[in-house]
Amino acid sequence: MSQSTKYFIDSSSMTRLQYSTIGICFLMNIFDGMDVLIISYCAPAISNSWNIGPEALGVVFSAGLAGMALGALFLAPYSDSFGRKKIILLSALLMGVSMFLTGYSESVNQLITLRFLSGIGIGSMLASTAALTSEYTPNKSKDFWVSFVISGYPVGAVISGYISVLVIPSSGWQMMFIIAGIASLLTIPLIYYFLSESIEFYIRKQPKKALENVNKIFIKMNLNVLKELPIKKIFPEGIAVKQLLSKKYKVSTFQLWSALFFAFGCLYFLISWIPKLATNAGLSIELAIYAGTVFNIGAFFGIILQGYYSSKIGLKRTISIFFLIAALLMAVFKIFIGSDWLLIVFGFLGFFIQGGFVGLYAVAARLYPTEYRTTGIGWAIGAGRLGGVLGPLAGGVMIGMGLSMSINFMIFAIPALLSAIFTYFISSKEVS
C-alpha cells in the first residue's frame, strides 16, 4: 500500500467501506464457528445413533482439524497471489457444499472425509479474513478489529448450540449439517457483491483493471484517486514461506508456532469434548450442549476484552495473562464439579482460553508484512492446528481409558501454561 493510503487509514476515522469489510469478515467467522462446533454438539447423538466410541469420534474431530491445518497452510497463502476475496469465496463454497453433504453421510468414513473437506475451507477462511481485516484497519486499533472479526467464531458456536438444542431432539443431527450448509452457501452472493478486495493486493500484484478497482475503493474511502499505480515490485516464487524462516523472523516464527500449537491443542480438546465429558459426568444432552454454549458465550466477551486490553497494555502481556488464568482454572476444575458454579466456570474457561488464543491471530497479523501476511498467518495457524489435531485425539484416548473430566482438564492445563510462556517471550519488535 502507498504511504499516503496507509497514513489516511491510520490517521482518519473509519469509513462505511471499512466497516462493511469488517462486518462481512465477522459474519464469515460466525459460519466458521458454526461449522466447526456443530460436530461437537452432534457428537453425543452420533455416538448414540451409530453406536461408536470416543476413539472413533476423536478421529472425526481430528479429521476436520487436519483439514483446517491444510487449508491454512496451502489454500490461504494463495490469497497473497490471487486476492483475499477470491479465496474467501472459494472457502465459503467448500464449507457450504461439504457441510450440506455431511447431513447425508451414512458411515464414519464418509463423515471423516466430509469433515476434512469442510475443514480446508474453514482454515483458509480464518486466515484470509484476518489478513483482510488487518489491511483495512488503523494501526492503533488493528489488534481490536482483528480480534473482533475472529470473535465471530464463538458467536457462531453459540448460535449453533442454541439451534442444536431445538433441532437435534426433533429432527436428528443430520438436519443440523444441512441447515449449516445452506446458510454457508447463502453468503456467497454477499461476499461477491459487497466484500472489497485488499487495496494492498491490487497495488502489489497489479492484476487487470487494478488501477480502476483501486480508485473505486479510494472514492468510497474519500481518498484522492491515483493517476497511475506505483512501480510493481517483483517477488521471487516461494519467497513468502522462506521469509517466515529468514534470520529476521525465524525465532519469532517458532515462538508463535509453539504458542499456537499448545493453544490449539488445549482449545480443541475443550471445544470438541466438553459436551461429551459433560454427559459422562451425568448431565443430560441438552445441558451438555448448554455447557458448550456457555463456554463460547464466555469466549466472545473474552476475545473482545482481550482486544481492548491488548491496545492498552500490549498483546503479549495480555495474552499471557489470559492463558495463565485458563491454566489455573483447568488445574483446579475438580472443585467445581457437581456445584452450581460449573456452568459459570465453563464460561470463564471460554473467556480466557479463547481470548488468549485469538490474540495470537493479531500477533501473526502484526508480525509479518503485506507481501506474505496471509502466508504468515496461514502457516502459523497450520502449525498450531497440528496441536489441534492431537488434542482431540489424545482426549479420545484418555476418555476411552476412563480418565475423569477433572483429570483430563488437569493434564490439558499444561499446554495452556506453555502457550503463556511462549507468547510472553515472542521476540519481535513489531509485537508489543
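Scoring rules and cut-offs
Residues numbered from 1 in each chain as written. Predicted model: local features only at pLDDT ≥ 70, side-chain atom pairs only at ≥ 80, totals over all residues. Heavy atoms only, no water. Core = buried A, V, L, I, M, F, W, Y, C linked by side-chain atoms within 4.5 Å. Buried < 20%, exposed > 50% of the residue type's maximum accessible area, 1.4 Å probe, protein only. Contact = heavy atoms within 4.5 Å. Phe/Tyr/Trp six-rings, centres within 6.5 Å; stacked < 30°, edge-to-face > 60°. Helix = DSSP H or I, 4+ residues; strand = E, 2+ residues; numbered from the N terminus. 1 Å grid on protein atoms, 1.4 Å probe; cavity = no way out; pocket = protein on both sides within 12 Å on 5 of 7 lines; lining within 4 Å. Points joined across faces, edges and corners; volume = space filled by probe spheres on them. Nonpolar A, V, L, I, M, F, W, Y, C, P; charged D, E, K, R; others polar.

Colleague: Which parts of the structure should I look at to understand the nonpolar core?
Modeller: Side chains of nonpolar character tend, in soluble globular proteins, to be buried together. The biggest cluster of nonpolar side chains holds 134 residues, and the ones touching the most others in it are Leu256, Tyr268, Leu270, Ile353, Phe357, Leu360 and Phe409. Setting aside chain neighbours within four positions, we find Leu270 in contact with Phe295, Met330, Ile353 and Phe409.

Colleague: Would you mind showing me how to read the packing of aromatic side chains here?
Modeller: Geometry of an aromatic ring pair is reported as the spacing of the ring centres plus the angle between the planes. Taken as a whole and assessed by the stated rule, the structure comprises 29 aromatic pairs. Ring centres 6.0 Å apart and planes at 75° place the aromatic pair Tyr19 and Trp145 in the edge-to-face group. Of this pair, Tyr19 sits in helix 2 (residues 16-50) while Trp145 is found in helix 7 (residues 142-150), placing the two residues 126 residues apart along the sequence. Pairing Phe254 with Trp257 gives two aromatic rings, centres 5.6 Å apart and planes at 80°, and the pair type is edge-to-face. Of this pair, Phe254 and Trp257 both sit in helix 13 (residues 250-280), separated by 3 residues, roughly a single helical turn. Exposure remark for Trp257: the relative accessible area of 15% places this residue in the buried category. Following the ring pairs from residue to residue traces out a cluster consisting of Tyr19, Phe26, Phe144, Trp145 and Phe148.

Colleague: Explain the environment of Asn109 here, please?
Modeller: Structurally, Asn109 can be placed in helix 6 (residues 108-136). In this structure Asn109 comes out as exposed when scored by relative accessible area, which is 59%. A C-alpha to C-alpha distance of 36 Å links Asn109 and Lys334, two positions 225 residues apart in sequence.

Colleague: It is not clear to me how unusual backbone geometry should be interpreted in this structure. Could you clarify?
Modeller: Peptide bonds are, in most cases, trans, and in most cases residues other than glycine have a negative phi. If you check the backbone angles, Asn51 has positive phi at about 55° while not being a glycine. Assignment of secondary structure puts Asn51 in the loop between helix 2 and helix 3 (54-75). Unusually for a residue other than glycine, Lys209 sits at a positive phi of about 60°. In this fold, Lys209 is placed in the loop between helix 10 (199-205) and helix 11 (210-220). Here Lys209 falls in the exposed class, since its relative accessible area comes to 59%.

Colleague: Where do I start with empty space enclosed by the protein in this structure?
Modeller: Rolled over the atoms, a probe sized like a water molecule indicates the empty space that remains. With the rule as written, the count across this model stands at 3 cavities of 30 Å³ or more. Taken as a whole, the largest cavity spans an internal volume of roughly 90 Å³. Lining the largest cavity we find Val36, Leu37, Ile39, Ser40, Phe61, Gly64, Leu65, Met68, Arg115, Tyr268, Ile271 and Ser272. Elements that contribute at least two residues to the lining of the largest cavity include exactly helix 2, helix 3 and helix 13. Its residues placed into classes, the lining of the largest cavity shows 8 nonpolar, 3 polar and 1 charged.

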